[in-house]
Amino acid sequence: MSVIAPTAARVTGRKLSALEATGTIVYRNLLVYRRSWLVFVSGFLEPVLYLFSIGIGVGKLIPGFEVDGHLIRYAAFVAPGMLAASAMNGALFDATFNVFFRLRYAKLYDQILATPRTPADIARGEISWALLRGGIYSAAFLLVMLAMGLIDSWLAILALPAALLIGFAFAAIAMGLTTWMRSWQDFEYITLATLPMFLFSATFFPLSAFPAWLQWIVQCTPLYRGVVLCRELTTGHVTWASGVSVVYLMALGLLGTAIVRRRLAALLLK
């Protein structure tokens, strides 16, 4: 659906600020999804079901894990991992499948560039929308964690900004990679990358379960950095690793945004 939100700036010809231009792209997506709210519900349910089936079910068999000298209940250990995965999945869907369709088939971005918009505006707008979607999933999941008594620290109020940072990193990098994709089959590479991260980023068991050489590889993955950040905030046991995660995810998001801007300019301004 190629809806471009009307603004006073389009009528008067006034040049939009970066924030206003980004807002028009986000508003366009809001108009498209205003009758498709069930899509958001389905995306939120997946991590909740994982939490119930694994966090609660397996939690009856495993009392918990010791992390940095602190014993953490198994459900409280798994829940932050699901929170980080929820932010990742929410951002990825829009930054990959939807962006690919708008770019290659709907030619939406060509239409947007016929207005006073730039590839940078499109990059910021689409990444912001993907981040917003991931943030909605994460906020709802945090409420579930609170209702289940899986939050052990007031620092958990920072878990939502942390989830937004995770969404920003994944949305930016994923959208950048999507600009190189030629067909729907290429999305198998996205699954090939995200599924191992979901399973082995200390989501269901601590990093110490891996051999030393594999621990170094896992610690370099963005989802692991997100899991560490969310887990330390919700349990209240914050270490230097959270600072590393913040810097890592922010740098990844900024790098991805720069790539998207350059790629869209190369593809659309020929």
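Residues numbered from 1 in each chain as written. Predicted model: local features only at pLDDT ≥ 70, side-chain atom pairs only at ≥ 80, totals over all residues. Heavy atoms only, no water.

For clarity, the threshold we go by: UniProt positions are given in the numbering used here, feature names are shortened, and annotations may be inferred rather than shown by experiment.
Named according to an unreviewed UniProt entry, the protein is Transport permease protein originating from Branchiibius cervicis. Check the Sequence similarities (unreviewed entry) section of the UniProt entry for the protein; it says "Belongs to the ABC-2 integral membrane protein family."

A few points about unusual backbone geometry
The cut-off we apply is this: Where helices and strands are cited, they refer to DSSP runs of H or I of at least four residues and of E of at least two residues respectively, numbered from the N terminus. Working definition: with a 1.4 Å probe on protein chains only, accessible area under 20% of the residue-type maximum means buried, over 50% means exposed, and in between means partly exposed.
Even without being a glycine, Lys107 presents a positive backbone phi close to 55°. Inspection of the secondary structure puts Lys107 in the loop between α4 (74-104) and α5 (108-112). On the accessibility criterion, Lys107 (41% relative accessible area) is partly exposed. Phi at Ala202 is positive, roughly 60°, even though this residue is not glycine. Inspection of the secondary structure puts Ala202 in the loop between α8 (188-200) and α9 (212-219).

Side note on empty space enclosed by the protein
Selection rule: For cavity detection a 1 Å grid was placed over the protein atoms alone, and a set of points counts as a cavity when a 1.4 Å probe fits there but cannot get out; an open set counts as a pocket when protein lies on both sides within 12 Å along at least five of seven lines, with lining residues being those that have an atom within 4 Å of a point. Grid points are joined across faces, edges and corners, and a volume is the space filled by probe spheres set on the points. Ten residues, namely Ala, Val, Leu, Ile, Met, Phe, Trp, Tyr, Cys and Pro, are considered nonpolar, four, namely Asp, Glu, Lys and Arg, are considered charged, and the remaining ones, Gly among them, are considered polar.
All told, the structure shown has two cavities of 30 Å³ or more when counted by the stated rule. Roughly 50 Å³ of volume is contained in the largest cavity. Lining the largest cavity, in full, are Val67, Asp68, His70, Ile72, Arg231, Glu232, Thr235 and His237. The set of elements that each furnish at least two residues to the lining of the largest cavity consists of β2 (70-73) and α10 (222-235). At three residues, α10 tops the list of elements feeding residues into the lining of the largest cavity. Tallied by class, the residues present in the lining of the largest cavity amount to two nonpolar, three polar and three charged.

Overview of the state of the cysteines
Cysteine pairs can be covalently joined through their sulfur atoms, and such a bond is termed a disulfide. Applied cut-off: Here, a disulfide means two cysteine sulfur atoms that sit within 2.5 Å of each other.
A full pass over the atoms with the stated rule returns zero disulfides. Cysteine Cys220 is unpaired, with the sulfur of Cys230 as its nearest cysteine sulfur at 19 Å. The exposure class assigned to Cys230 is buried, which follows from its relative accessible area of 0%.

Details of the nonpolar core
Cut-off, in case you're wondering: Residues belong to a common nonpolar core when they are buried Ala, Val, Leu, Ile, Met, Phe, Trp, Tyr or Cys residues joined through side-chain atoms within 4.5 Å. In what follows, a contact means two residues having at least one pair of non-hydrogen atoms within 4.5 Å.
Formed by 62 residues in total, the largest nonpolar core has its most connected members in Tyr109, Met175, Leu264 and Leu268. When contributions to this core are tallied by element, the ones reaching two or more residues are α3 (37-56), α4, α5, α6 (119-147), α7 (159-178), α8, α10 and α11 (240-268). No other element matches α4, which puts 17 residues into this core. Sequence-distant contacts of Leu268, that is, excluding residues within four places in its chain, are made with Leu103, Tyr109, Asp110, Leu113 and Ile122. Counting residues in hydrophobic clusters, the runner-up holds seven residues, among them Ala202, Leu207, Val218 and Val228.

Considering the layout of surface pockets
Within this model, the second largest pocket holds a volume of roughly 390 Å³. Every residue lining the second largest pocket is counted, 18 residues in all, and those nearest its centre are Val67, Asp68, Leu207, Tyr224 and Val228. Elements supplying a minimum of two residues to the lining of the second largest pocket: β1 (64-67), α9, α10 and α11. For the lining of the second largest pocket, the element with the highest residue contribution is α10, accounting for five residues. A per-class count over the lining of the second largest pocket returns nine nonpolar, four polar and five charged.

Overview of the pattern of salt bridges
As a reminder, the rule being used: Take a side-chain nitrogen of Lys or Arg and a carboxyl oxygen of Asp or Glu: if they are within 4 Å of each other, that pair is a salt bridge.
A full pass over the atoms with the stated rule returns five salt bridges. As a salt-bridge pair, Arg73 and Asp152 come within 3.1 Å of each other at their nearest N and O atoms. Here Arg73 is found in strand β2, whereas its partner Asp152 is found in the loop between α6 and α7, with 79 residues between them in sequence. Between Glu126 and Arg102 there is a salt bridge, with its nearest N and O atoms 2.8 Å apart. Residue Glu126 is located in helix α6, and its partner Arg102 is located in helix α4; the two are separated by 24 residues in the primary sequence. We note that Glu126, like Arg102, is buried. Each member of the salt-bridge network shares a partner with another, and the members are Asp94, Arg102, Glu126 and Arg133.

Remarks on the packing of aromatic side chains
Aromatic rings in a pair are described by how distant their centres are and how their planes are angled relative to each other. Which entries qualify depends on this criterion: Here a Phe, Tyr or Trp ring, Trp counted by its six-membered ring, pairs with any other such ring whose centre lies within 6.5 Å, and the pair is stacked when the planes are under 30 degrees apart, edge-to-face when over 60, and tilted otherwise. Criterion for a charge above a ring: Arg CZ or Lys NZ at most 6 Å from the ring centre, at most 35 degrees from the ring normal.
In the structure shown here, the tally under the stated rule is 14 aromatic pairs. Ring geometry for Phe100 against Phe187: centres 5.3 Å apart, planes inclined by 85°, an arrangement best described as edge-to-face. Of this pair, Phe100 sits in helix α4 while Phe187 sits in the loop between α7 and α8, placing them 87 residues apart in sequence. Of the residues examined, Phe187 reaches a relative accessible area of 3% and is grouped as buried. Seen from their ring centres, Phe101 and Tyr105 are 6.3 Å apart, and the 15° between their planes marks the pair as stacked. Residue classification places Tyr105 among the partly exposed positions, given a relative accessible area of 47%. Every member of this aromatic cluster is reached through a ring pair, and the members are Phe93, Phe97, Phe100, Phe101, Tyr105, Trp184 and Phe187. Its end group placed over the ring of Phe77, Arg231 keeps NZ or CZ at 3.6 Å from the ring centre.

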